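# Observations on the three-dimensional arrangement
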Amino acid sequence: MTQRRILLIVSGGIAAYKALELVRLLKGRDIAVRAVLTESAKQFVTPLSLGALTEDHVYGDMFDLKEEREIGHIQLSREADLIVVAPATANILAKMANGIADDLATTILLATDKPVLAVPAMNVRMWHHKATQRNLDQLRHDGIHVMEPGVGAMACNEWGKGRLPEPAEIAAEIERLLDQSFDVQPL
């Protein structure tokens, strides 16, 4: 059987640290993980820690000559069975909804023909803002799978909807989507 593969795009929010646990869980389920860190995400998670867990190079620089020599953003967008954006901040959701491709992560998202799962995480007021809800409606209309965020205490000392779901919940959703679209070959 061919190993299932995801491309994990980590955007810059406080919940980015949960991406490390998500990678560990996915690897335990025999799902290969490649990772892309946005510049903001590098403030919360290092390429070294993420690379150690994925056992692969961590991508992040759109203009890295080595990465782009073979049009890396196109290759990365094609090699995965599923692209997962977790956490998906209000910023990256807005860029996705409006087709903005101004860094490696958003260029990959615009260049892909693979299924995409966005896992939002943000402040409760940002989650409920009309612009965010409009962007989410557009993403769903465009065929992007969107997980609902959790409800609870947030890093900003507020309470409400907007928390990143727990890594185990995200891993289960990833497996569900892979099972829907992955062509399993008999042994």
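Let me begin by describing the structure that accompanies this report. (Residues numbered from 1 in each chain as written. Predicted model: local features only at pLDDT ≥ 70, side-chain atom pairs only at ≥ 80, totals over all residues. Heavy atoms only, no water.)

## Some words on the sheet that holds strand E6 (residues 145-146)
Let me state the cut-off plainly: The criterion for strand pairing is that DSSP finds at least two bridges linking the strands in question. Segments assigned H or I by DSSP are reported as helices when at least four residues long, segments assigned E as strands when at least two residues long, and all are numbered from the N terminus. A contact between two residues is defined here by any heavy atoms of the two lying within 4.5 Å. Only C-alpha atoms enter the line fits that serve as axes; for helices the fit covers just the stretch in contact. Angles between N-to-C directions range over 0 to 180 degrees.
Taken in spatial order, the 6 strands of this open sheet run E3-E2-E1-E4-E5-E6, and their pairing is parallel. For this open sheet the edge positions go to strand E3 (58-59) and E6, each flanked by a neighbour on one side alone. One ladder, built from 2 bridges, connects strand E2 (residues 31-37) with E3; its direction is parallel. Within E3, the residue paired with Ala-35 across the bridge is Val-58. In this fold helix H2 (residues 47-54) packs onto strand E1 (4-10), E2 and E3, with an angle of close to 165° to the strand it touches most, E2.

## Section: the pattern of salt bridges
Definition in use: Should a side-chain nitrogen of Lys or Arg be within 4 Å of a carboxyl oxygen of Asp or Glu, the pair is scored as a salt bridge. A simple rule labels every residue: compare its accessible area, found with a 1.4 Å probe on the protein chains alone, to the largest value its type can have, and call it buried under 20%, exposed over 50%, or partly exposed in between.
One pass over the full model with this rule turns up 17 salt bridges. Between Asp-179 and Arg-4 there is a salt bridge, with its nearest N and O atoms 3.2 Å apart. Note that Asp-179 is positioned in helix H9 (residues 167-181) and Arg-4 in strand E1, a separation of 175 residues in sequence. On the basis of relative accessibility, which here comes to 12%, the residue Arg-4 falls in the buried class. Close ionic contact of Glu-39 with Lys-42 constitutes a salt bridge, the shortest N to O distance being 2.9 Å. Through salt bridges with shared partners, a single network forms among Arg-4, Arg-29, Glu-175 and Asp-179.

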